[in-house]
Amino acid sequence: MRIDVVTIFPSYLAPLREALLGRAIDRGLIEVAVHDLRDWTHDVHQAVDDSPYGGGPGMVMKPQVWGEALDSVIGPVIDSPARLVVPTPAGRPFTQQLAHEWTSAERLVFACGRYEGIDQRVVDHYAQRMPVDEVSIGDYVLVGGEVAVLVMVEAVVRLLPGVLGNPRSAAEDSFSDGLLEGPAYTRPEVWRDLPVPPVLRSGDHAAVDRWRRDRALERTARLRPDLLAALPPDALDEADRAV
Ligand SMILES: N#Cc1c(-c2ccc3ccn(Cc4ccccn4)c3c2)n[nH]c1N
């Protein structure tokens, strides 16, 4: 998978080259290129924003600059294997399911807006020619799209084959079965008078699996009842319903 990010703050994306993601790049599992939007300006001030039509606070990012940048980065859009992703507080929720869907994309191109966002005609123009996703990472307002791109790239890349040391980690993610993960424990056996639940040291794998499922159901019911309500009817067995 190739990932391109267009931004006016390229250094914000430096974490993409650290740790797990950095190792995925080094191992050739992904390619990452970060582009400075201002490289496509032609005025001495390198202007990327202007006042909003219709008035209102803040500034809006200019369509001309974005058009030149994305044409250059995406290349010929006919039969382009790329998806254009535009983070915005007004987008569809970014979810684990969407992260999984994007793992099949050959290319992801992220357009990081700032100010009050990017002129809508940029999305409208490219949406006529390729898949465009306007997505939000949560119901709060950030200052720009860069942090959202870091979140989404990490969520997608960790799902790619070979990136995680243990493939079971991705398969047993929170949300992979529609539930939140239950609690995790490691040594020591007792810490500040708090013991590890004995079942986890029993060696009885069936009992451990049941205990973990029960804790996941309890946690999901307490913190995210909406996830329980969204489960398909056959997702919970009789033992689950007894929790
Ligand atoms: N994903 C996501 C986001 C964003 C986000 C993403 C991109 C931009 C580009 C500019 N701004 C500031 C801004 C403030 C007010 C109204 C419009 N835009 C962004 C915010 N905020 N919260 C999320 N979950």
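Since we're looking at a predicted model, the values are computed, not measured.

A separate point is unusual backbone geometry. Along the chain, arginine 187 connects to proline 188 via a cis peptide bond; the corresponding omega equals 5°. In this structure, proline 188 sits in the loop between α6 (167–171) and β8 (190–191). Even without being glycine, glutamine 46 reaches a positive phi, approximately 55°. Position of glutamine 46 relative to the elements: it lies in the loop between β2 (31–36) and β3 (49–50).

Let us look at the packing of helix α2 (residues 63–74) against helix α4 (residues 120–127). For the pair α2 and α4, interaxial distance at closest approach is 9 Å and the crossing angle is 35°. Here α2 runs over α4; the crossing is right-handed. Judged by residue contacts, Pro63, Trp66, Gly67, Leu70, Asp71 and Ile74 of α2 engage Arg121, Val122 and Tyr126 from α4. Partitioned by chemical class, the residues of the contact of α2 with α4 number six nonpolar, one polar and two charged.

Bringing the sheet that holds strand β6 (residues 107–111) into the picture now. Strand order in the open sheet formed by five strands is β2-β1-β6-β5-β7, and the pairing between neighbours is parallel. With one partner strand each, in any of the chains shown, β2 and β7 (132–136) form the two edges of the open sheet. For this sheet, the mean inter-axis angle between neighbouring strands, taken without regard to orientation, is 25°. Note: strand β1 (residues 2–7) against β6, five bridges, orientation parallel.

Rules used in this analysis
- Residues numbered from 1 in each chain as written.
- Predicted model: local features only at pLDDT ≥ 70, side-chain atom pairs only at ≥ 80, totals over all residues.
- Heavy atoms only, no water.
- Helix = DSSP H or I, 4+ residues; strand = E, 2+ residues; numbered from the N terminus.
- Axes fitted to C-alpha atoms, helices over the stretch in contact; angles between N-to-C directions.
- Left-handed = near helix turned anticlockwise from the far one by under 90°.
- Contact = heavy atoms within 4.5 Å.
- Nonpolar A, V, L, I, M, F, W, Y, C, P; charged D, E, K, R; others polar.
- Pairing = 2+ DSSP bridges.

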